[in-house]
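Report on the structure
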Amino acid sequence: MARRELLTPGLKVGLLGGSFNPAHEGHLHITKMCLKALGLDRVWWLVSPGNPLKPVKGMAPFAERRASAEAMARDPRIVVSDIETRLGTRYTADTLAALTGRFPEIRFVWLMGADNMLQFPKWRNWREIAETVPIAVYPRPGYTLKARLSPAAIALREATLDTSDAALLPHLVPPALAFLTGPESTHSATEIRAQAKRPA
């Protein structure tokens, strides 16, 4: 266990999974939004060894993606973690089962973009994920309203908090869901990669 991942009982920890291919200002923006809105003590950036829903082509090596996350994590409350690699998990449901089993006294919250909320039913055992940890959905340009009307949001309607009550989320027994509001970041790893390929 990396030193910065050491936990104390009752700590509120947000989990932001992703490829970080590469990490960018948008990751930092949404992390700070979630830290404030949810009253979190830490946010772990879970650098994925390989996202099952994303193509392998164009995916930088894990070490390169982790290094980009370390360089971008300009807040002492952010922990860049390779714990999925150490656990040997590729699916979020398996990662969360392992983390909550190892750290039952930590209040984990899964942080998800509004764009991912639309894809959520495609995730392996997505209902199990919703039953394992509370979920906070942060706004993304073009997806924020669609996320609130998505099949997953409708399925979890009874477990959804008012946005003004989002700070309660880490203390609730799942399923529990909150949609966050705030400035939407336009940064995209896809766009950054495309710019890197363009001639100067």
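Taken as a whole, the second largest pocket spans an internal volume of roughly 150 Å³. For the second largest pocket, the lining is made up of 15 residues, of which Ile 106, Arg 107, Phe 108, Pro 134 and Leu 172 are closest to its centre. Split by residue class, the lining of the second largest pocket holds ten nonpolar, three polar and two charged.

We now examine helix α2 (residues 62-72). Buried within α2 we find Arg 65, Ser 68, Ala 69 and Met 72. In a view along the axis of α2, the buried residues occupy a sector of 100 degrees, so they form one face of it. Summarising the geometry of α2, the exposed residues directed more than 90 degrees from the buried face are Ala 63 and Ala 71. Residues of α2 that are buried make contact with α1 (25-38), β2 (42-47) and β3 (78-81).

This brings us to the pairing of strand β1 (residues 12-18). The element β1 is largely enclosed, with a buried count of five among its seven residues. Sheet topology places β1 next to strand β4 (residues 107-113); four bridges connect them, and they run parallel. What sits directly across from Val 13, in β4, is Phe 108. Handedness of the β1-α1-β2 crossover: right-handed.

Secondary-structure assignment places Ala 23 in the loop between β1 and α1. Look at Ala 23 and you get buried, because its relative accessible area is 9%. Sequence-distant contacts of Ala 23, defined by excluding residues within four places in its chain, comprise Trp 45, Ser 68, Ala 69 and Met 72.

One can find Thr 92 in helix α4 (residues 92-102). With sequence-adjacent residues up to four places away left out, Thr 92 is seen in contact with Trp 110, Trp 123 and Ile 129.

What follows deals with the pairing of β4. β4 sits mainly inside the fold: six of its seven residues count as buried. Pairing analysis gives four bridges linking β4 to strand β5 (residues 135-138), with the strands arranged parallel. Note on β5: the bridge partner recorded for Gly 113 is Tyr 138.

Attention now goes to the pattern of salt bridges. Counting across every chain of the model gives five salt bridges. Across the pair Asp 75 and Arg 77 runs a salt bridge, and its minimum N-O distance is 2.9 Å. Residue classification places Arg 77 among the partly exposed residues on the basis of a relative accessible area of 35%.

We now examine the sheet that holds β2. Judged by pairing direction, the sheet is parallel, and its six strands sit side by side in the order β3-β2-β1-β4-β5-β6 without closing on themselves. Both edges of this open sheet fall to β3 and β6 (177-179), since each of them pairs with a single strand only. Along the sheet, successive strands turn relative to each other by an average axial angle of 25 degrees, direction set aside. Where α1 meets the sheet, it contacts β1, β2, β3, β4 and β5, and its direction lies at approximately 145 degrees from that of β2. Against the sheet, α2 engages β2 and β3, with an angle of about 155 degrees to β2.

Conventions used here
Residues numbered from 1 in each chain as written. Predicted model: local features only at pLDDT ≥ 70, side-chain atom pairs only at ≥ 80, totals over all residues. Heavy atoms only, no water. 1 Å grid on protein atoms, 1.4 Å probe; cavity = no way out; pocket = protein on both sides within 12 Å on 5 of 7 lines; lining within 4 Å. Points joined across faces, edges and corners; volume = space filled by probe spheres on them. Nonpolar A, V, L, I, M, F, W, Y, C, P; charged D, E, K, R; others polar. Buried < 20%, exposed > 50% of the residue type's maximum accessible area, 1.4 Å probe, protein only. Helix = DSSP H or I, 4+ residues; strand = E, 2+ residues; numbered from the N terminus. Arc of directions from axis to C-beta. Contact = heavy atoms within 4.5 Å. Pairing = 2+ DSSP bridges. Right-handed = clockwise from strand over helix to strand, strands pointing away. Salt bridge = Lys/Arg side-chain N within 4 Å of Asp/Glu carboxyl O. Axes fitted to C-alpha atoms, helices over the stretch in contact; angles between N-to-C directions.

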